[in-house]
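Read off the chains here:
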Amino acid sequence: MVDEAVWRLISGFGDSGVILPLVSAVALCLAWGGGGRLALALLLPVAGCGAAVAGLKLLFGACGGAVAGLAQASPSGHVAMSLAVYGGLALLLARNETPARRGLAAAAAALLVALIALSRVRLGAHSPGEVLAGLGLGLGAVAAAAGLARGLPPARPAW
């Protein structure tokens, strides 16, 4: 059985103290390398996802966790933002690679997000429904990033 310390470590990869500096650094590197529009295609959906999570957390908190009879306290911000960031990075940075490399990037992001989602439930931080709500928000952000990046030139990070 996996130790609680390991679940906390995994969960930490979805913490805003990790993913926000990561996405900011990648966006700066993209912009510095001439990919300012691609950086925006990453940052805008992540910011929108963060705003949606914050708004829903306030809504559920203000309503005592029972909006329209839902047995849910709030969507998982760790899961939503992890999918938005790691999924967005995989999508945008590997979109002009070979199908095998795109698949590998997507699989790596999916595995990391799945582990973070599982960790939130295992640690008792969120219910499965709250994790699914977070996944829905994160998927929306990845879809928005894909739409914003459509037709943009390949990523050329300045690292």
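What to know about the overall build of the protein chain
Helix and strand counts for the protein chain stand at 6 helices and 0 strands. Secondary structure elements of the protein chain occur, N-terminal to C-terminal, as α-α-α-α-α-α. Each of the 159 residues in the protein chain was classed as buried or not, and the buried ones make up 36%. For the protein chain, contacts bridging at least 24 residues in sequence account for 77% of all contacts bridging at least 6.

Some thoughts on the pattern of salt bridges
Across all of its chains, the model carries 2 salt bridges by this definition. Between Arg8 and Glu4 there is a salt bridge, with its nearest N and O atoms 2.6 Å apart. You can see Arg8 and its partner Glu4 sitting in helix α1 (residues 4-12), 4 residues apart, about one turn around the helix. With relative accessibility at 45%, the residue Glu4 sits in the partly exposed group. In this structure, Glu97 engages Arg101 in a salt bridge whose closest nitrogen and oxygen atoms are separated by 3.2 Å. Its relative accessible area of 33% is what places Glu97 among the partly exposed residues. For Arg101, a relative accessible area of 55% corresponds to the exposed category.

Structural notes on the confidence of the model for the protein chain
Averaged over all residues, the pLDDT of the protein chain equals 90, while 89% of them reach at least 70. The element-level mean pLDDT for the protein chain is lowest in helix α3 (residues 36-62), coming to 91, with helix α5 (residues 99-122) highest at 97.

Thoughts on helix α6 (residues 128-149)
Under the 1.5 Å per step criterion, the end-to-end length of α6 is 31 Å for 22 residues, consistent within 8% with the ideal 32 Å. Listed as buried for α6 are Glu130, Val131, Gly134, Gly138, Ala141, Val142, Ala145 and Ala149. Down the axis of α6, the buried set is contained in an arc of 115 degrees. They therefore lie on one face. Projecting away from the buried face of α6 at angles above 90 degrees are the exposed residues Leu132, Leu139 and Ala143. Just beyond α6, the residue with positive phi is Gly151, at close to 85 degrees.

How each quantity is defined
Counting restarts for each chain, with residues numbered from 1 along the sequence as it is written. This being a predicted model, a pLDDT of at least 70 is required before a residue's local features are given, and a value of 80 or more before pairs of side-chain atoms are given or counted; all residues contribute to the totals for chains, interfaces and linings. Side-chain calculation: all heavy atoms of the structure are included, whereas hydrogens and water are not. Counting from the N terminus, the helices are the DSSP runs of H or I reaching at least four residues and the strands are the DSSP runs of E reaching at least two. Each residue's exposure class comes from its accessible area (1.4 Å probe, protein chains only) as a fraction of the maximum for that residue type: buried when under 20%, exposed when over 50%, partly exposed otherwise. Any two residues having at least one pair of non-hydrogen atoms within 4.5 Å are treated as being in contact. In the sections that follow, a salt bridge refers to a side-chain nitrogen of Lys or Arg positioned within 4 Å of a carboxyl oxygen of Asp or Glu. Each residue gets a pLDDT score, which is the predictor's confidence in that residue and runs from 0 to 100. Each residue after the first adds 1.5 Å to the expected span of a helix. Directions pointing from the helix axis toward each C-beta atom define the arc.

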